[in-house]
Amino acid sequence: VAFGGKIYNCLNEYDNGNKDAFNVIIDQLADPLLDYKVLMKLLKEIESCAPLITKDHGKIFKSLLSLAFDDFPDLVLDCWIRSVLSVITSQPVHLRFALSTMVMCFKHVPKIGEGLAEDEIKELHQKRILKNETVHKILDTVLDKIPLAQVALMETLEEKIPSKVG
């Protein structure tokens, strides 16, 4: 990583009270202009040290989930999915937050506005389809690898998308 050092080292420094390098990683992940090569390197490092990303390091996982993954090229998207799944399956403490974030992807569907060109509407539909497929892929994998995830998913669905009949 160009500015923050290896993520493993950043996590160790964070645990020892020095949050500077960790915050640089968070800032890099939040940068909408971040180069895909740098992002790929960050994602691979997160995947490789996923078991070390504890509840105390939750901010890095939240940053990972908040990325606009529906804009990623296929290679970056696959790397992002592997990173997310690595963190969730190696540290189930992040499960409920991940499930909540994924469920909200279905709840907050922006309306496709009037006045858009046909190709813009088609592109927005494609992005929506990709996002839904990606979320389904992650949920299917999590449900397969973490036995108690099904109960947590049902509770999350009840909380985030309550039934209109009670």
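Please refer to the structure higher up on the page.
Throughout what follows, the structure given in this document is the object of discussion. These numbers come from a predicted model, not from an experiment.

Details of the packing of aromatic side chains
Phase 1: Applying the stated criterion across every chain yields a total of 4 aromatic pairs.
Phase 2: Taking the ring centre of Tyr14 as reference, the NZ or CZ of Lys19 above it sits at 4.7 Å.
Phase 3: Stacked on the ring of Phe97, the Lys or Arg Lys62 has its end atom at 5.4 Å from the ring centre.

Focus on helix H8 (residues 149-160)
Phase 1: Helix length check: H8, at 12 residues, gives a terminal C-alpha distance of 16 Å against a target of 16 Å (1.5 Å per residue), a fit within 8%.
Phase 2: Looking only at H8, the buried set comprises Ala149, Ala152, Leu153 and Thr156. What you see down the axis of H8 is that its buried residues fit within an arc of 100°, all on one side. Across H8 from its buried face, at more than 90 degrees, point the exposed residues Gln150 and Glu158.
Phase 3: Residues of H8 that are buried make contact with helix H6 (95-107) and helix H7 (118-145).

Examining the pattern of salt bridges
Phase 1: In the structure shown here, the tally under the stated rule is 5 salt bridges.
Phase 2: Of the charged contacts, one joins Lys127 and Asp71 as a salt bridge, the two residues approaching to 2.5 Å between their closest N and O atoms. Within this pair, whereas Lys127 is found in helix H7, its partner Asp71 is found in the loop between helix H4 (58-65) and helix H5 (74-90), the two being separated by 56 residues in sequence.
Phase 3: Note on Asp71: relative accessible area 43%, which makes it partly exposed.

Side note on the nonpolar core
Phase 1: Core analysis: the largest hydrophobic core is formed by 48 residues, its most contacted members being Ile60 and Trp80.
Phase 2: Elements represented by at least two residues in this core include exactly helix H1 (7-15), helix H2 (20-30), helix H3 (36-48), H4, H5, H6, H7 and H8.
Phase 3: By residue number, the principal contributor to this core is H5, which donates 9 residues.
Phase 4: If near-sequence neighbours (up to four positions away) are discounted, Ile60 is found in contact with Ile7, Phe22, Ile25, Ile26, Leu29, Ile46 and Ile53.

What counts and what doesn't
- Residues numbered from 1 in each chain as written.
- Predicted model: local features only at pLDDT ≥ 70, side-chain atom pairs only at ≥ 80, totals over all residues.
- Heavy atoms only, no water.
- Phe/Tyr/Trp six-rings, centres within 6.5 Å; stacked < 30°, edge-to-face > 60°.
- Lys NZ or Arg CZ within 6 Å of the ring centre and 35° of its normal.
- Helix = DSSP H or I, 4+ residues; strand = E, 2+ residues; numbered from the N terminus.
- Expected span 1.5 Å × (residues − 1).
- Buried < 20%, exposed > 50% of the residue type's maximum accessible area, 1.4 Å probe, protein only.
- Arc of directions from axis to C-beta.
- Contact = heavy atoms within 4.5 Å.
- Salt bridge = Lys/Arg side-chain N within 4 Å of Asp/Glu carboxyl O.
- Core = buried A, V, L, I, M, F, W, Y, C linked by side-chain atoms within 4.5 Å.

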